[in-house]
Structure formats: C-alpha cells, structure tokens
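Each chain is listed here by its residues.
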Amino acid sequence: LQVLESVCKTKKFFHNIKNHRSYKKFGDVKVWKKKCDYLQNIKTYKNPKDYLKENFKLSLLSKTEGLLTGYYQPVINVSRTKDNKFKYPILKKNKIYNKKARSFIEANYNLEDVLIWTDDKVDLFFLHIQGSGIGEFPDMKQIKISYDGNNSLNYSSIGKYLIKKNYIRPNNVNLFTIKSWLSKNSQISNKIMNVNNRFIFFKEESIKNSSMPIGAFGQPLISNFTIAIDKNIYPIGLPFLFEKLEDSSFHPVVSLDTGSAIIGYNRADLFFGRGKDAEEKAGLLKKKIYLYALVPYTK
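A few points on the structure. Computed from a prediction, not measured in an experiment: that's the story for all the values here.

**Things to note about empty space enclosed by the protein**
Gaps left between atoms are located by rolling a probe of water-molecule size over the structure's atoms. As enumerated under the stated definition, the model contains one cavity of 30 Å³ or more in all. Approximately 50 Å³ is the volume attributed to the largest cavity. If you list the elements that add at least two residues to the lining of the largest cavity, you get helix H5 (102-108), helix H6 (121-130) and helix H9 (186-193). The greatest single-element share of the lining of the largest cavity, amounting to four residues, is contributed by H6. For the lining of the largest cavity, the per-class residue count stands at three nonpolar, three polar and three charged.

Structural data, given as structure tokens:
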C-alpha cells in the first residue's frame, strides 16, 4: 500500500489513466482520487488486505494464461579507454542511427558516440535487453548506465531463434543457457545476436548506493514489487495482483515500467534488483500467471 500511495501522489498516475485508450475500464479519475485520499486513513485498517477488499475489485481481461518473467539491473565491467580487453562500445544516442539495424550500427558507429567501453559482448547484449545497468571500473568505482532511447526497430527474441534452429531445447531456454551458448559459439554468436535488430542507446549518470533504475512511470523500480506491463493494454502506474497458476497464490505488484518484449493481457516482467543475485532470480523465472488489475469500486 505504501507503493500505491506514492503512485497516487503523482499527477502522472491520473494523467496516464485518463489519457489511456482504455479510460474508465480501470476506473474513473475522480473515483481513483477518492480512493487515493482514503489511503491517508490506512491506519484505521488492521489489515491492509481489508482496505483492498473494500475499495477495489479484480479485473481479468483474458482467461488465456500468460507468462511472468524477470528482469534486473546488470553490473558490467567498463573502461574510459579502448584496449585489447575493453573493445566493445556502449553508444550514446544519435539520430543518425534511427532505423538502422544492430549489425549496421556495430559496423559503422562514430567514435564520438562512444559513451564508454566494456569487455564482454554477450554481457553488453544483455545490457541492451535489460535497458540499464551499472558500469564498474577496474578500481571498483561505479557509474549508472541509463536508457536513453533506441533505433526504432522491433525487438526479436534470440531465445526463440535458438529454439527454431535447434541450438537449444525448448524446455532449457533461460538467460543462463542463452549466455552460455553464445559464449561457447563465438564464431556465430554475432549473427545470432544480430537477429534482434533493436539497439539501445545509453547515457551516464552518477550512482547512489540506494538508487535503482527509473521505470517508464518516472519512479525508481522496487525489487520484487514492480512489474513491466503492456502499455497498449494497461495504463502505467496501475496496481495489480498476479496469480501463479501452479499454486493459485496471489502477489501484489504495481506497474512502473514497460518493455518491447512485454506484450499481452497476462504478460508481466518482475523487477528483481541489481547484480548477480538478481540476475540469477530473474534469469530463471518463467511462471504461468493471470494478471488482475485493481479497479476501484464506484461507491
């Protein structure tokens, strides 16, 4: 409820609801404002679940089961200078790369557009997939590498491509098996990664120990509690419950982000935080779910 309260305090929440093409399917702005005001009296509820039950109904838009995956903020090695080790560029945004494929950009980038260098092309590819990360220098100092746009081409899953080509078995596809396959097959890994034409550009920001990536809603993401959703279906900022179909358990989350690979009614991407532990949890998560939006009662 604390996260819902913080979302309620922003004008963007009400703007997103009112200006989304689904307007009123997920509640009227006036009703939402009343419910948000009620949160100030949340101490009157012994159990926060009572507040939700009394003020919100669950909206399931499709009975076709969907998928919950995970994402995280990677930490990658970086250097200010190019050498035999640090030779892969992390690029700044430049409009000349718009509508240019990944393979073209990698072969024709301008040196003045290099933000910083990294030492592992596979890790760099997954930095693109995650959308932001932390750069760590040899002296252990860190910077924040934040999303700053893309080349306006569609995202394509290399996992699906690897399955199609029988390189990886369908029941064994996850972040780690893909990374391992790319590293062990360096002679064709570039070709595989270039199946995904989407290319991400970054900007450098200072880092604070407690800072997390800023999602599409404009607020920091919260580990294990914020999700990316399909913004064409749902307004960003909407609270949800997702139901794990394997055990019928329900989990409260709030949508503070979106992603090009997150498409569909019961599709969500759960944020796990930063670093290797978060990578391990996110990389292995693949659960069948239903996604229920919380919609305020009109009373």
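**Regarding the packing of H6 against helix H8 (residues 175-184)**
In the contact formed by H6 and H8, the axes pass within 10 Å of each other and the chain directions differ by 140°. Relative to H8, the element H6 is oriented oblique. The way H6 lies across H8 gives a crossing that is right-handed. Across the interface between the two elements, Val-122, Asp-123 and Phe-126 from H6 touch Leu-175, Ile-178, Lys-179, Leu-182 and Ser-183 from H8. Grouping the constituent residues of the contact of H6 with H8 by class yields five nonpolar, one polar and two charged.

**Here's the deal with the layout of surface pockets**
Considered as a void within the structure, the second largest pocket measures approximately 400 Å³ in volume. In terms of lining, the second largest pocket is formed by 21 residues, of which the most central are Lys-49, Leu-52, Leu-241, Pro-252 and Leu-294. Taken together, the elements giving at least two residues each to the lining of the second largest pocket come down to helix H1 (2-8), helix H4 (48-55), strand E1 (56-60), strand E10 (239-244) and strand E11 (249-258). No other element matches E11, which puts five residues into the lining of the second largest pocket. Considered class by class, the residues forming the lining of the second largest pocket number 16 nonpolar, two polar and three charged.

**A word on the packing of H8 against H9**
Packing of H8 against H9 brings their axes to within 6 Å, and their N-to-C directions diverge by 125°. One finds that H8 runs oblique with respect to H9. Contact residues: H8 offers Trp-181, Leu-182, Ser-183 and Lys-184, while H9 offers Ser-186, Gln-187, Ile-188, Ser-189, Ile-192 and Met-193. Of the residues belonging to the contact of H8 with H9, the class tally is five nonpolar, four polar and one charged.

**Some thoughts on the state of the cysteines**
Taken as a whole and judged by the stated rule, the model has one disulfide. Two residues, Cys-8 and Cys-36, share a disulfide whose sulfurs are 2.0 Å apart. Residues Cys-8 and Cys-36 are joined through a disulfide that is left-handed, its torsion about the S-S bond being -60°. In this pair, Cys-8 is assigned in helix H1 and Cys-36 in helix H3 (residues 29-38), connecting sequence segments 28 residues apart. Note on accessibility: Cys-8 and Cys-36 belong to one class, buried.

**A few points about the sheet that holds strand E7 (residues 142-150)**
Working definition: the strands of a sheet are paired by backbone hydrogen bonds and lie parallel or antiparallel to each other. Here six strands make up an open sheet; going across it, the order is E4-E5-E3-E6-E7-E8 and the pairing mixed. Edge positions in the sheet fall to strand E4 (88-91) and strand E8 (200-205), since each of these pairs with one other strand and no more. On average, each strand axis in the sheet is tilted by 45° relative to the strand beside it, whichever way the strands run. Judged from the four bridges that link them, E4 and strand E5 (residues 114-118) form a sheet pairing that is antiparallel. Looking at E5, one finds that Pro-89 is bridged to Trp-117. H6 rests against strand E3 (75-79), E4, E5, strand E6 (133-136), E7 and E8 of the sheet, and its axis sits at about 15° to E4.

**Focus on the packing of aromatic side chains**
To describe a pair of aromatic rings, you give the distance between the ring centres and the angle between the ring planes. Per the stated rule, a full pass over the model turns up twelve aromatic pairs. Their ring planes at 90° and their centres at 5.0 Å tell us that Phe-13 and Trp-32 sit as a pair that is edge-to-face. Here Phe-13 is found in helix H2 (residues 11-19), whereas its partner Trp-32 is found in helix H3, with 19 residues between them in sequence. In this structure, Phe-13 and Trp-32 share a single accessibility class: buried. Ring centres of Phe-250 and Tyr-292 lie 5.7 Å apart, and the angle between their planes is 45°; this geometry places the pair in the tilted category. Here Phe-250, found in strand E11, pairs with Tyr-292, found in strand E13 (residues 286-296); they are 42 residues apart in sequence, far enough to count as distant.

Calculation notes
- Residues numbered from 1 in each chain as written.
- Predicted model: local features only at pLDDT ≥ 70, side-chain atom pairs only at ≥ 80, totals over all residues.
- Heavy atoms only, no water.
- 1 Å grid on protein atoms, 1.4 Å probe; cavity = no way out; pocket = protein on both sides within 12 Å on 5 of 7 lines; lining within 4 Å.
- Points joined across faces, edges and corners; volume = space filled by probe spheres on them.
- Helix = DSSP H or I, 4+ residues; strand = E, 2+ residues; numbered from the N terminus.
- Nonpolar A, V, L, I, M, F, W, Y, C, P; charged D, E, K, R; others polar.
- Axes fitted to C-alpha atoms, helices over the stretch in contact; angles between N-to-C directions.
- Parallel < 35°, antiparallel > 145°, perpendicular 65-115°, else oblique.
- Left-handed = near helix turned anticlockwise from the far one by under 90°.
- Contact = heavy atoms within 4.5 Å.
- Disulfide = S-S within 2.5 Å.
- Buried < 20%, exposed > 50% of the residue type's maximum accessible area, 1.4 Å probe, protein only.
- Pairing = 2+ DSSP bridges.
- Phe/Tyr/Trp six-rings, centres within 6.5 Å; stacked < 30°, edge-to-face > 60°.

That is the geometry; function is a separate question.
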